[in-house]
Amino acid sequence: MEFNFNEFMERFADEIGGQFSEYDQSKSVIIVPLEENRFQAVLGVTKFNEKFNKMGIEFSSKVCPYSDDIDCKQLVIENAKTCYAKFVIVDDFVKVEGSSFLETIREEGLKEIIKEVAQLADEWELKLTGLDVN
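The present account deals with the structure reproduced in this document. None of the values given here were measured: they were computed from a predicted structure.

Under the criterion given, the structure shown has ten salt bridges. When the shortest N-O distance is used, the salt bridge between Lys-111 and Glu-15 registers 2.9 Å. Of the two residues, Lys-111 is situated in helix H3 (residues 107–129) and Glu-15 in helix H1 (residues 5–16); the sequence distance between them amounts to 96 residues. Exposure remark for Lys-111: the relative accessible area of 10% places this residue in the buried category. Lys-81 is paired through a salt bridge with Glu-78; the nearest N and O atoms lie 3.0 Å apart. With relative accessibility at 59%, the residue Lys-81 sits in the exposed group. Given the relative accessible area of 10%, Glu-78 is considered buried. Each member of the salt-bridge network shares a partner with another, and the members are Glu-15, Glu-108 and Lys-111.

Spelled out as structure tokens, the structure:
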């Protein structure tokens, strides 16, 4: 059975009371509701991984713009405390990403990745900025 990425994303957004927006067949975003009336946008992208010759799926969420006063060592230490999510710096933004190959994961696992990415990004957005902007 063919995996329909955007159908999955829309169903999951409905399931958690979030919002869904589709960009194209391989990219969409869910606004994930969290505790204390906070929200976190999680972008999902399906793409071919040339290194491993497999289709993958990646979820990411912005934490804040990168600045020299961010303790990168602490972020790397935090990476060891999560299952799917990890901190990255992309385009001068601190982000949280989680990914998997489509052939090796079920929808329940994708849901767990989205939730972990959203929760970790929101937690650190609050720690680093004191705000709820992403």
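Resuming the write-up.
Quick look at unusual backbone geometry now. With a phi angle near 55°, Asn-37 is a residue other than glycine that sits in the positive phi range. Mapping Asn-37 onto the fold places it in the loop between strand E2 (27–33) and strand E3 (39–49). Positive phi is not limited to glycine here, since Asn-53 has a value of about 55°. One can find Asn-53 in the loop between E3 and strand E4 (54–65).

What follows deals with the environment of Glu-97. Positionally, Glu-97 belongs in strand E6 (residues 93–101). Ignoring anything within four residues of it in the chain, the contact list for Glu-97 reads Glu-58, Phe-59, Ser-60, Tyr-84, Ala-85, Lys-86, Val-88, Val-90 and Val-117.

This next bit is on a negative patch on the surface. Taken together, Glu-7, Glu-10, Asp-14, Glu-22 and Asp-24 make up a surface patch of like negative charges. It is H1 that provides the largest number of residues to the negative patch, a total of three residues. Within the fold, Asp-24 resides in strand E1 (residues 19–24).

Judged by pairing direction, the sheet is antiparallel, and its six strands sit side by side in the order E1-E2-E3-E4-E6-E5 without closing on themselves. Of all strands in the sheet, those with a lone pairing partner are E1 and strand E5 (86–90), marking the two edges. Sheet twist, expressed as the average angle between the axes of neighbouring strands with direction ignored, equals 30°. Relative to E4, E3 runs antiparallel, the two sharing seven bridges. Bridged to Gly-44 within E4 is Phe-59. Across the sheet, H1 touches E1, E2, E3 and E4, and the angle it forms with E2 is around 10°. Most of the contacts of helix H2 (residues 72–79) go to E5, to which it runs at about 140°, and overall it touches E5 and E6.

Moving on to the nonpolar core. Core analysis: the biggest nonpolar cluster contains 28 residues, and Phe-59, Val-63, Phe-87, Val-96 and Ile-114 have the highest contact counts within it. Elements represented by at least two residues in this core include exactly H1, E2, E4, E6 and H3. Broken down by element, the residue count for this core peaks at eight residues, all from H3.

About the cut-offs
- Residues numbered from 1 in each chain as written.
- Predicted model: local features only at pLDDT ≥ 70, side-chain atom pairs only at ≥ 80, totals over all residues.
- Heavy atoms only, no water.
- Salt bridge = Lys/Arg side-chain N within 4 Å of Asp/Glu carboxyl O.
- Helix = DSSP H or I, 4+ residues; strand = E, 2+ residues; numbered from the N terminus.
- Buried < 20%, exposed > 50% of the residue type's maximum accessible area, 1.4 Å probe, protein only.
- Contact = heavy atoms within 4.5 Å.
- Patch = residues over 30% accessible without salt bridge, like charges linked within 9 Å, V, L, I, M, F, W, Y side chains within 5 Å.
- Areas by Shrake-Rupley, 256 points an atom, 1.4 Å probe, with all protein chains shown as cover.
- Lys, Arg positive; Asp, Glu negative; His and termini not counted.
- Charge placed at Lys NZ, Arg CZ, Asp CG, Glu CD.
- Pairing = 2+ DSSP bridges.
- Axes fitted to C-alpha atoms, helices over the stretch in contact; angles between N-to-C directions.
- Core = buried A, V, L, I, M, F, W, Y, C linked by side-chain atoms within 4.5 Å.

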